[in-house]
Amino acid sequence: MKLLSLNCHAWHEEQQMEKIRHLAAAIAEKEYDVIALQEVNQTIGDSAEHVVKHDNYARVLLQELEQLGVTGYSMVWGFSHLVYGRYEEGSVILTRHPVIEEHSFFVSQSTDKHSPKTRKIVGATIQYGDQPLSFYSCHMGWWHDPIEPFQYQADQLLEQMKKDGHTFLLGDFNNDASLDQQGYAYLMENGLHDTYTLAEEKDTGITVKGKITGWSDNQQDLRIDLILSTEPVAVKSSKVIFNGEHKPVVSDHFGVEAHVEMK
């Protein structure tokens, strides 16, 4: 089973359409089973935020895939909050497998669409072979945030996982995996398994270099984009992608892909 997670930084990138085409070409080549996208934006319009609009980044991506002859991906979209007074931002799951159930829930204390710290998780339970599996696209807050601390959000997420059986959490967790006693360690202490550490083959895992939105003072290499599992799994490989070495850069985050061997 091939998985991909990417924080798209949608419609904030220069040469945005070219970067979408690079992403579509990689998806066509690699045939991911499930793709989790964060910061999936669409312009604010008259219709309700939950409606997928014509310029929804993921919708445009699917159109580019169709141009390449790739069809069959289902899309689950969820709106989280407004950004810059111009966009409706949310998260997406794309999958080539039958969707049994869609999921959408807040993990932040705030549900105010005008707050950039509002966080909603979007997910799908799919039929993979003879078993149901759940996948969540996660865009989380920061460990030390005094208004929306990561630990509260993680607790909401972990509580939801208890209801869903075997679940994969993919996304931008905004907590560097190298730091002790912060968000990443908290997730591991609460029973999650990192496909990166389980992988037989892996690279550095770094998905952010230098300053990006939300990390304006950063001067470190960060591993904050993760693919986690509620159960231990056999992982053939974990690789960073769209970093300029393994496919062109398409966002201010690099993506991460994992090849999981499911029974």
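Look a little higher up for the structure.
Below is a short write-up of the structure. Being a predicted model, the structure only gives us computed values, none of them experimental. (Residues numbered from 1 in each chain as written. Predicted model: local features only at pLDDT ≥ 70, side-chain atom pairs only at ≥ 80, totals over all residues. Heavy atoms only, no water.)

1. Observations regarding the pattern of salt bridges
What counts is decided by this rule: What makes a salt bridge here is a side-chain nitrogen of Lys or Arg within 4 Å of a carboxyl oxygen of Asp or Glu, nothing more. By definition, any uninterrupted DSSP run of H or I lasting at least four residues is a helix, any uninterrupted run of E lasting at least two residues is a strand, and each is numbered from the N terminus. Think of it in three bands: with a 1.4 Å probe and only protein chains considered, a residue is buried below 20% of the maximum accessible area for its type, exposed above 50%, and partly exposed in between.
According to the stated counting rule, one finds eleven salt bridges in the structure shown. A salt bridge links Lys 117 to Asp 145, with the shortest nitrogen-to-oxygen separation between them at 3.1 Å. With Lys 117 in the loop between strand E5 (99–106) and strand E6 (120–128) and Asp 145 in the loop between strand E7 (131–139) and helix H3 (150–161), this pair connects stretches of sequence that are 28 residues apart. Given the relative accessible area of 26%, Lys 117 is considered partly exposed.

2. Some points on the sheet that holds E7
Applied cut-off: Here, strands pair whenever DSSP counts at least two bridges between them.
Reading across the sheet, the six strands line up as E5-E6-E7-E8-E13-E9 and stay open at both edges, with mixed pairing between neighbours. For this open sheet the edge positions go to E5 and strand E9 (193–194), each flanked by a neighbour on one side alone. Bridge count for strand E8 (residues 167–172) against strand E13 (residues 225–229) is five bridges, and the pairing is antiparallel. Of the residues in E13, the one forming a bridge with Phe 168 is Ser 229.

3. Examining the sheet that holds strand E15 (residues 255–261)
The condition is simple: Note on method: axes are straight lines fitted to C-alpha atoms, helices fitted across the in-contact stretch only, with angles between N-to-C directions ranging 0 to 180 degrees. Two residues form a contact once any of their heavy atoms are found within 4.5 Å.
In spatial order, the strands read E3-E4-E2-E1-E15-E14-E10; together these seven strands make up an open sheet with mixed pairing. Looking at strand neighbours, the two that pair on one side only are strand E3 (74–83) and strand E10 (199–202), the edges of this open sheet. The sheet shows a mean angle of 20° between the axes of neighbouring strands, taken without regard to direction. Sheet topology places strand E1 (residues 2–7) next to E15; four bridges connect them, and they run antiparallel. Counterpart to Ser 5 in the pairing with E15 is Val 256. Helix H1 (residues 16–30) contacts E1, strand E2 (34–43), strand E14 (234–241) and E15 of the sheet and is inclined by roughly 170° relative to E1. Here helix H2 (residues 57–67) sits on the sheet and contacts E2, E3 and strand E4 (87–95); the angle it forms with E2, its principal contact strand, is near 120°.

4. Some thoughts on the packing of aromatic side chains
Selection criterion: Stacked, tilted and edge-to-face are the three classes applied to pairs of Phe, Tyr and Trp rings, where Trp contributes its six-membered ring and a pair requires centres within 6.5 Å; stacked means planes under 30 degrees apart, edge-to-face means over 60, and tilted covers the rest.
In the structure shown here, the tally under the stated rule is five aromatic pairs. For the ring pair Trp 11 and Tyr 57, a centre distance of 6.1 Å and an interplane angle of 75° mean the geometry is edge-to-face. On the criterion of sequence distance, the pair formed by Trp 11 in the loop between E1 and H1 and Tyr 57 in helix H2 is long-range, its members being 46 residues apart. Tyr 57 gets classed as buried once you look at its relative accessible area, which sits at 0%.

5. Some words on the packing of H1 against H2
Basically, it comes down to this: We call two directions roughly parallel when the angle between them is under 35 degrees, roughly antiparallel when it is over 145, roughly perpendicular when it lies between 65 and 115, and oblique otherwise. Note on convention: near helix rotated counterclockwise from far helix by under a right angle means a left-handed crossing. Clockwise means right-handed. By the convention adopted, Pro, Cys, Tyr, Trp, Phe, Met, Ile, Leu, Val and Ala count as nonpolar, Lys, Arg, Asp and Glu as charged, and the other residues, Gly among them, as polar.
At a minimum axis distance of 9 Å, the contact between H1 and H2 shows a crossing angle of 60°. In terms of orientation, H1 and H2 fall into the oblique class. For the crossing formed where H1 meets H2, the hand is right-handed. Residues Gln 16, Met 17, Ile 20, Arg 21, Leu 23, Ala 24, Ile 27 and Ala 28 of H1 form the contact with H2, whose own contacting residues are Tyr 57, Val 60, Leu 61, Glu 64 and Leu 65. Residue composition of the contact of H1 with H2, by class: ten nonpolar, one polar and two charged.

6. Points about the pairing of E1
Operational definition: Clockwise travel from the first strand over the helix to the second, with the strands pointing away from the viewer, marks a crossover as right-handed.
The element E1 is extensively covered by neighbouring structure, given that five of its six residues are classed as buried. Sheet analysis places E1 next to E2, joined by five bridges and oriented parallel. Note that in E2 the partner of Leu 6 across the bridge is Leu 37. What joins E1 to E2 is H1, and the crossover it makes is right-handed.

7. Remarks on the environment of Ile 93
Position of Ile 93 relative to the elements: it lies in strand E4. On the basis of relative accessibility, which here comes to 0%, the residue Ile 93 falls in the buried class. Each C-alpha atom, one on Ile 93 and one on Pro 132, is 15 Å from the other, the two residues being 39 residues apart in sequence. Look past the residues within four positions of Ile 93 in its chain and what remains in contact with it is Val 34, Ile 35, Ala 36, Ser 74, Met 75, Val 76, Val 122, Gly 123, Ala 124, Phe 135, Tyr 136 and Ser 137.

8. Some points on the nonpolar core
Worth spelling out the cut-off: By nonpolar core is meant a set of buried Ala, Val, Leu, Ile, Met, Phe, Trp, Tyr and Cys residues that side-chain atoms within 4.5 Å join together.
Counting 29 residues, the largest nonpolar core has Leu 37, Leu 61 and Tyr 73 as the members making the most contacts within it. When residues of this core are traced back to their parent elements, those giving at least two are E1, H1, E2, H2, E3 and E4. Broken down by element, this core gets its largest block of residues, six residues, from H2. Setting aside residues no more than four positions away along its own chain, Leu 61 makes contact with Ile 20, Leu 23, Ala 24, Ile 27, Leu 37 and Leu 94.

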